[in-house]
Amino acid sequence: MNAPPKEIRDILAKVPSEVIAKYYGCGSPLPQGIEGLHVLDLGCGSGRDCYVASKLVGPTGRVTGVDMTPQQLEVARKHQDAYAATIGYANMSFVQGTIEDLSAIPSDSIDIIISNCVVNLSPDKPAVLSEAWRVLADGGEFYFSDVYCDRRLPEDIRAHPVLLGECLGGAMYVEDFRRLCVR
C-alpha cells in the first residue's frame with residue numbers, strides 16, 4: 001500500500017487530532033484536482049475526509065458530510081471553525097442521516113461522492129447506489145474505498161455480528177457492486 005500523495009499528507013497534518021483519532025476508514029478515496037467542486041462524503045464519521053476535501057476543493061468548492069451517528073458528527077462540527085480559520089475559508093457542512101436516504105441533498109447537485117469503508121456496513125446497498133445516482137450531477141463521479149470480495153459470501157459470514165462490525169460480513173461481491181453501478 002502506498003502512502004497518500006504529499007499534498008494529502010500536508011493537509012492531514014492540519015486536520016485536528018480529535019478528528020483523526022475518531023477516524024475509522026479503510027483507505028483514501030480522495031481524488032486530487034477537484035478545486036471548485038461540491039463533494040459529498042457518505043458516512044463521514046468524524047469528518048476526516050471532509051476536512052481534507054475542504055482544502056482540496058478550495059474556497060469556491062463545498063463539502064457536505066452525511067453520517068447517522070450524532071457522536072461522530074459532534075466531533076466533526078466541533079472543529080469546523082478552527083479549521084476554517086487555519087485554511088482561510090469555511091466550506092464544510094455536516095448532515096445527520098443515512099446513506100440509504102439522502103433526501104437532505106438535492107438531486108443533481110454533487111460533483112464528487114466519496115465514501116470510506118461505509119457502504120459495506122449498509123443493509124441496503126442498492127438504496128445507497130440509487131441515492132448516489134440521484135444526487136450526482138451530470139458527469140459526476142464517485143470514489144468508494146471499501147472492502148469487496150471475489151465471490152459472494154455465505155449467509156453465516158454475512159450475518160456474523162463481529163464480522164459485520166469489522167466491515168467484512170457486509171463486503172460485496174465486486175461483480176454485484178459493478179452491476180449495481182450500471183444505470
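Residues numbered from 1 in each chain as written. Predicted model: local features only at pLDDT ≥ 70, side-chain atom pairs only at ≥ 80, totals over all residues. Heavy atoms only, no water.

Q: Outline the environment of E166, supporting the account with residue identities and numerical values.
A: Structurally, E166 is set in the loop between helix 8 (161–165) and strand 7 (172–173). Along the primary structure E166 and N120 are separated by 46 residues, whereas in three dimensions their C-alpha atoms are 9.8 Å apart. (Helix = DSSP H or I, 4+ residues; strand = E, 2+ residues; numbered from the N terminus.)

Q: Account for the packing of aromatic side chains, with residues named and values stated.
A: Two aromatic rings are characterised by how far apart their centres lie and by the angle between their planes. Summed over all chains, the structure comprises 6 aromatic pairs. Judged by centre distance (4.9 Å) and plane angle (50°), the ring pair of Y148 and F177 falls under tilted. Taken as a pair, Y148 in strand 6 (residues 148–149) and F177 in helix 9 (residues 174–181) lie far apart in primary sequence, 29 residues in all. By way of ring pairs, the aromatic residues W133, F142, F144, Y148 and F177 are connected into one cluster. Of note, R48 hangs over the ring of Y23, and the distance from its end group to the ring centre comes to 3.7 Å. (Phe/Tyr/Trp six-rings, centres within 6.5 Å; stacked < 30°, edge-to-face > 60°. Lys NZ or Arg CZ within 6 Å of the ring centre and 35° of its normal.)

Q: Can you lay out the packing of helix 6 (residues 125–135) against helix 9 for me, pointing to particular residues and giving the numbers?
A: Axis separation between helix 6 and helix 9 bottoms out at 10 Å; the angle between their running directions is 35°. Crossing hand, helix 6 versus helix 9: right-handed. In this structure, helix 6 contributes K125, P126, L129 and W133 to the contact, and helix 9 contributes F177, L180 and C181. Split into classes, the residues belonging to the contact of helix 6 with helix 9 amount to 6 nonpolar, no polar and 1 charged. (Axes fitted to C-alpha atoms, helices over the stretch in contact; angles between N-to-C directions. Left-handed = near helix turned anticlockwise from the far one by under 90°. Contact = heavy atoms within 4.5 Å. Nonpolar A, V, L, I, M, F, W, Y, C, P; charged D, E, K, R; others polar.)

Q: Quick rundown of the nonpolar core? Include the residues and the values.
A: The biggest cluster of nonpolar side chains holds 26 residues, and the ones touching the most others in it are V39, V52 and F94. Looking at this core, the elements with two or more residues in it are helix 1 (6–12), helix 3 (48–57), helix 4 (70–78), helix 5 (80–87), strand 3 (92–96) and strand 4 (110–116). Among the elements that line this core, the one with the most residues is helix 3, at 6 residues. Excluding anything up to four places from it in sequence, V39 contacts I34, A53, V57, R62, V63, T64, I112 and I114. (Core = buried A, V, L, I, M, F, W, Y, C linked by side-chain atoms within 4.5 Å. Buried < 20%, exposed > 50% of the residue type's maximum accessible area, 1.4 Å probe, protein only.)

Q: Hey, could you go over the sheet that holds strand 3 for me, with residue numbers and the actual values?
A: Ordered in space as 3-2-1-4-5, the 5 strands form an open sheet in which the pairing is parallel. Either end of the sheet is taken by a strand with one partner, and the two such strands are strand 3 and strand 5 (136–145). Taking each pair of neighbouring strands and ignoring which way they run, the sheet shows an average axis angle of 20°. Note that strand 4 and strand 5 share 6 bridges and pair parallel. What sits directly across from N116, in strand 5, is S145. Here helix 3 sits on the sheet and contacts strand 1 (38–42), strand 2 (62–67), strand 3 and strand 4; the angle it forms with strand 2, its principal contact strand, is near 170°. Helix 6 contacts strand 1, strand 4 and strand 5 of the sheet and is inclined by roughly 140° relative to strand 5. (Pairing = 2+ DSSP bridges.)

Q: A description of helix 4 should follow, citing residues and the corresponding values.
A: Taken together, the buried positions of helix 4 are Q72, L73, V75 and A76. Projection of helix 4 onto a plane perpendicular to its axis shows the buried side chains occupying an angular sector of 155°, all on one side. For helix 4, the exposed residues lying more than 90 degrees away from the buried face are Q71, E74 and K78. (Arc of directions from axis to C-beta.)

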